[in-house]
Amino acid sequence: MPKVLDNVQIGPLNWKMKVEIPRLVAKAKAGQFVIIRVNEHGERVPMSIAGLDKKNGVLTIIYQVVGKTSALMTTVPAGGQLSDCVGPLGVPSHIENWGTACLVGGGIGIAPIYPIAQAYKEAGNKLITIIGARSKDILFYEDEHRAIADELYVCTDDGTYGHHGFVSDVLKKLLDNGVKIGMIMAIGPLPMMRVVSNLTKKYNVPTWVSLNPLMVDGTGMCGGCRVSVGGETKFACVDGPDFDGHKVDFDLLNKRLLAYKEQEKIAMNRFLKEPGCKLAESVKKFTYPG
Amino acid sequence: MIEKIDKKERMKIPRQVMPQQDPKERIHNFKEVPFGLSEEQALVEAARCLECKNQPCVAGCPVEVDIPGFIDLILQKDYAAAARKIKETNSLPAVCGRVCPQEEQCEMKCVLGKGKKGKPVAIGYLERFVADYERDNNLVELPKIAPSTGRKVAVVGSGPAGLTVAGDLVKLGHDVTIFEALHKPGGVLVYGIPEFRLPKAVVQAECDFLARMGVKFENSTIVGKMDTIDELFENGYDAIFIGTGAGLPNFMGIPGENLIGIYSANEYLTRSNLMRAFEFPDYDTPIIHGKNVAVLGGGNTAMDSVRTALRLGADNAYIVYRRSEVEMPARIEEIHHAKEEGVQFHMLTNPVKFIGDDDGKVKAMECIKMQLGEPDASGRRRPVPIKGSNFTMEVDLVVVAIGNSSNPLIQKTTPGLEVNKWGNIVVDEKTMQTSRKAVYAGGDIVTGGATVILAAGAGKIAARAMHKYLMEEVKK
């Protein structure tokens, strides 16, 4: 079973987990994902790859507590184990030298754009990176991105740090100023990917988005992750997760992500009430204030 | 030992009826439906066998189990020996005794079944009885394992084909590793066939048995994503068997198919069987509980899905099938069980459109009535839509069970592996060898969706050819 080397809180709701899984890491490429299962009763959940330490065979996952499984993940101690971690899944991100490439990461999406940024950089691109979060204390990976980006823009929705506003505002300004960008990759909450895609469509700049629909097996067997791209049904697990942002039906994806809203509530409430629930008080408070 | 009675007397013994859970009760649980024969019943049933010299039943079995031989051992009350007799040619008797379509195979050929009132020997029941007896009484003995040959074999996929290959080759002294993409071995036996038809403990016991014989299992390992076929060779494997199944669900391709509440049968059954969503929230994986559930298709997978829907609390569970009942590919027993449980059959009906609500959830399905026309390529009469016969069914859950295509992962990552126009791997049927040296394949990845026993049969053939190849052409 894959060993968890480290699992630390990096903000009110975000956690960073390091998993030792050399054979997977040796094969994984930027833009791919893994599916993990925390314990024997656990569900299979897809997780973006936030870092690959090829030398030591260590995978980094950054996750946000949004429901029972992510809450449960926070309780795995360093030195503990996951039941399963399978991958690398999906098609690696397309890497090419476009001259200037722009990476846009919103919220938890700041994590998966990091290995892609590294790959873009290695391919010789000039790198413009825009990262943003709701508030200063939710931001992470600023230093990591700063180390490889040629230009880094940081924003917060509430203005507590960096540019006051959305990542799309910064991107719009760059495009309005005539900055030539060959390719944009945007990863983050669905509304953010939608806004960025709508924006760049007007400027005719090709834009990739990485989709994260619900999945079960991750090998194309179940079809639960179907998304509509350019009017065609695709399986995000084997055809994606990267798709042309200008063609994605975000409405459909948004609805499908809410398919189990009721069950998610039941599972989370039950988890919080479990005697000896090891969930950190700080997370409990944040998840269910009052 | 029971005295052999006169053939005429034997013919008077009625076929034993397997006791089963009452339909009214069983639709509220996931426990196995038939309980299995008692020892007394098994002895009576075994006594019906006429021991025909030409053994038509054996000819009807895809893996040529010595049926009269194992039945004779039942009469001698040596049930464990009977189980071992079956295992000489079929590694999975407890599974096959439950899910084989005996009525189309061994039992169809049984002389006792001839004539209007004839009822064949219940070979499947007996197979299950001896396999369960052996397992439940801890009589499972490890077969003799040949001394190590020093040859390494990789088996890709742990469904019935892969398990069979692994079992046969490990017995012959080869070093066998099974690579499974999911977190539990068993393939379709675990993710596809529901608990009420094939308890997962039975499958686990078969896998444990292989492990005891020395087979290594590497779960959560996707060949093609982790190591490719060629990399497995580089890592020292001398021969590889591909038994990855038919793992890409077909959809109808009609409007509204991506609404919430429309599942492929693979997803619906995987959630319930592998992930145990029927025990949510004790298990974390959720599943949609429909009140009015339509399952599209007429095969065993459709029956498994519709019966699962009933157990998850559906008020109305429908089978919607575009041909008539005669053309349904499902086993008669499964159709019978579904009917007993109250499944409603809408034959000669085909959906044309799904209708959703504001949240994107399916709420209705527009269908058209069909009639049967001229026979098509499959030999079955082609269903033709009747113009203007459209009507709407209220549904809140739809399961699409119209078959699978082959998953292209291995084919895409293995240069020189020949596939046909459907993406199935092409093999020499006598050896199951593919277009690549030392690479063999069998089961649904070769045939398209078929049965457990055909996959196991393919595994038998492959194992034999692989053994020959390993001993004659691989120098150690």
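Residues numbered from 1 in each chain as written. Chains lettered and ligands numbered in written order. Predicted model: local features only at pLDDT ≥ 70, side-chain atom pairs only at ≥ 80, totals over all residues. Heavy atoms only, no water.

Engineer: Whenever I open this one, the overall build of chain B confuses me. Can you help?
Structural biologist: From N to C terminus, chain B includes 19 helices and 16 strands. For 476 residues, the compact-globule estimate of 2.2 N^0.38 gives 23 Å, and the C-alpha radius of gyration of chain B, at 23 Å, lies within 12% of that figure. When the backbone C-alpha atoms are referred to their principal axes, chain B occupies close to 65 × 65 × 50 Å. In chain B, buried positions account for 59% of the 476 residues. For chain B, long-range pairs separated by at least 24 residues make up 69% of all intrachain contacts whose partners lie at least 6 apart in sequence. (Helix = DSSP H or I, 4+ residues; strand = E, 2+ residues; numbered from the N terminus. Rg over C-alpha atoms; globule rule 2.2 N^0.38 Å. Buried < 20%, exposed > 50% of the residue type's maximum accessible area, 1.4 Å probe, protein only. Contact = heavy atoms within 4.5 Å.)

Engineer: Where do I start with the sheet that holds strand S4 (residues 239-242) of chain B in this structure?
Structural biologist: Sheet strands pair by backbone hydrogen bonding; their relative direction is either parallel or antiparallel. Residue and element names in this part refer to chain B. One open sheet holds the five strands; their spatial order is S3-S2-S1-S4-S16, and the pairing between them is parallel. Two strands in the sheet have a free side with no partner beyond their single neighbour: strand S3 (216-218) and strand S16 (439-441). Sheet twist, expressed as the average angle between the axes of neighbouring strands with direction ignored, equals 20°. Sheet topology note: the strand S1 (residues 152-156)/S4 ladder contains four bridges and is parallel. Note that in S4 the partner of Val 155 across the bridge is Phe 241. (Pairing = 2+ DSSP bridges. Axes fitted to C-alpha atoms, helices over the stretch in contact; angles between N-to-C directions.)

Engineer: Got a minute to help me understand the confidence of the model for chain B in this structure?
Structural biologist: Low pLDDT means the predicted coordinates in that region are not meant to be read closely. Residues with a pLDDT of 70 or more make up 99% of chain B, whose mean pLDDT is 94. Overall fold confidence (pTM) sits at 0.95, and the ipTM for the predicted complex is 0.95. (pLDDT = per-residue confidence, 0-100.)

Engineer: Got a minute to help me understand helix H15 (residues 300-311) of chain B in this structure?
Structural biologist: For the α-helix, the turn length of 3.6 residues means that residues three or four positions removed from each other point alike. Residues and elements named next belong to chain B. The terminal C-alpha atoms of H15, which comprises 12 residues, lie 17 Å apart, in line with the 16 Å expected from a rise of 1.5 Å per residue. Taken across its 12 residues, H15 has 10 buried, putting it largely inside the fold. For H15, the complete set of buried residues consists of Ala 302, Met 303, Asp 304, Ser 305, Val 306, Arg 307, Thr 308, Ala 309, Leu 310 and Arg 311. Of the residues trailing H15, Gly 313 is marked for its positive phi of about 100°. (Expected span 1.5 Å × (residues − 1).)

Engineer: Sorry, what's going on with the interface of chain A and chain B here?
Structural biologist: A common way to state how big an interface is: give the accessible area lost once the parts meet. Contact with chain A, which involves 42 residues of that partner, is made by 43 residues of chain B. Buried area between chain A and chain B, summed over both chains or domains, comes out near 3700 Å², and the portion from carbon and sulfur atoms is 55%. Scanning the region where chain A abuts chain B turns up five salt bridges. Between B:Asp282 and A:Arg270 there is a salt bridge, with the nearest N and O atoms lying 2.6 Å from each other. Looking at the side of chain A that touches chain B, the elements that each hand over two or more residues are helix H1 (22-27), helix H2 (68-74), strand S7 (84-89), strand S14 (226-229), strand S15 (232-235), helix H8 (250-257) and helix H9 (261-273) of chain A. Ranked by the residues each element gives to the side of chain A that touches chain B, the list is headed by S7(A), at six residues. Taken together, the residues that form the side of chain A that touches chain B break down as 16 nonpolar, 13 polar and 13 charged. (Buried area = accessible area lost by both parts, 1.4 Å probe. Salt bridge = Lys/Arg side-chain N within 4 Å of Asp/Glu carboxyl O. Nonpolar A, V, L, I, M, F, W, Y, C, P; charged D, E, K, R; others polar.)

Engineer: Got a minute to help me understand the pattern of salt bridges in this structure?
Structural biologist: Any two side chains of opposite charge can pair if their charged atoms end up close together. Residues and elements named next belong to chain B. Under the defined criterion, the tally for this structure stands at 47 salt bridges over all chains. Across the pair Glu 45 and Arg 48 runs a salt bridge whose closest N-O atoms are separated by 2.7 Å. Taken individually, Glu 45 and Arg 48 each receive the classification buried, so the pair is uniform in this respect. Put simply, Asp 168 and Lys 460 hold a salt bridge, and the shortest N to O gap is 3.0 Å. With Asp 168 in helix H10 (residues 160-171) and Lys 460 in helix H19 (residues 452-473), this residue pair connects regions lying 292 residues apart in the sequence. The same class applies to Asp 168 and to Lys 460, which are both buried. Residues joined by salt bridges that share partners form a network here, namely Arg 26, Arg 197, Asp 304, Arg 307, Arg 311, Glu 334, Glu 340 and Glu 341.

Engineer: Quick question: what am I supposed to make of unusual backbone geometry here?
Structural biologist: Keep in mind that most residues, glycine aside, have a negative phi and that most peptide bonds are trans. With omega at 10°, the peptide bond leading from A:Gly240 into A:Pro241 counts as cis. Mapped onto the secondary structure, A:Pro241 falls in the loop between helix H7 (236-239) and strand S16 (242-244). Between B:Phe280 and B:Pro281 the backbone carries a cis peptide bond, its omega angle lying at 5°. Topologically, B:Pro281 is positioned in the loop between helix H14 (265-272) and strand S7 (292-296). One non-glycine residue, B:Gln55, lies in positive phi territory at about 45°. Mapped onto the fold, B:Gln55 is located in the loop between helix H3 (39-47) and helix H4 (56-59).

Engineer: For this particular structure, what's the right way to read the pairing of S7(A)?
Structural biologist: If a strand is regular, its side chains alternate between the two faces of the sheet. Residues and elements named next belong to chain A. The buried fraction of S7 amounts to six of the six residues, a majority that puts the element mostly inside the structure. Of the strand pairs in this sheet, strand S3 (residues 33-37) and S7 are connected by four bridges, and their pairing is antiparallel. Paired with Arg 37 across the strands is Asp 84, a residue of S7.

Engineer: Please clarify how the state of the cysteines should be interpreted in this entry.
Structural biologist: All names here are of chain A. In total, this model carries zero disulfides over all chains according to the counting rule given. Here Cys 237 stays unpaired: no disulfide links it, and the sulfur of Cys 225, its closest cysteine neighbor, is 3.7 Å away. The class of Cys 237 is buried, set by a relative accessible area of 3%. (Disulfide = S-S within 2.5 Å.)

Engineer: Please clarify how the packing of aromatic side chains should be interpreted in this entry.
Structural biologist: Each aromatic ring pair is specified by the distance between its two centres and by the angle formed by the two planes. Tallied over the entire structure, the rule returns 11 aromatic pairs over all chains. Seen from their ring centres, B:Phe30 and B:Phe278 are 4.0 Å apart, and the 15° between their planes marks the pair as stacked. With a gap of 248 residues between them, B:Phe30 in the loop between helix H2 (23-26) and H3 and B:Phe278 in the loop between H14 and S7 connect regions that are remote in the sequence. B:Phe30 sits in the buried class, given a relative accessible area of 10%. Of the aromatic side chains, those joined through ring pairs into one cluster are A:Tyr114, A:Phe140 and A:Tyr141. Its guanidinium or amino end placed over the ring of B:Tyr237, B:Lys152 lies 4.4 Å from that ring's centre, counting from NZ or CZ. Over the face of the ring belonging to B:Phe196 we find B:Arg311, whose NZ or CZ atom lies 3.9 Å from the ring centre. (Phe/Tyr/Trp six-rings, centres within 6.5 Å; stacked < 30°, edge-to-face > 60°. Lys NZ or Arg CZ within 6 Å of the ring centre and 35° of its normal.)

Engineer: What's the story with the environment of B:Ser389 in this structure? I'm lost.
Structural biologist: Residues and elements named next belong to chain B. Summarising the element assignment, Ser 389 is placed in the loop between strand S12 (381-385) and strand S13 (391-394). Along the primary structure Ser 389 and Thr 451 are separated by 62 residues, whereas in three dimensions their C-alpha atoms are 35 Å apart. Apart from residues no more than four positions distant in its own chain, Ser 389 is found in contact with Cys 367, Ile 368 and Lys 369. Within the structure, Ser 389 has its side chain in polar contact with the backbone nitrogen of Lys 369 (distance 2.9 Å). (Polar contact = N/O pair within 3.5 Å; in protein donor to acceptor, adjacent residues only side chain to side chain.)

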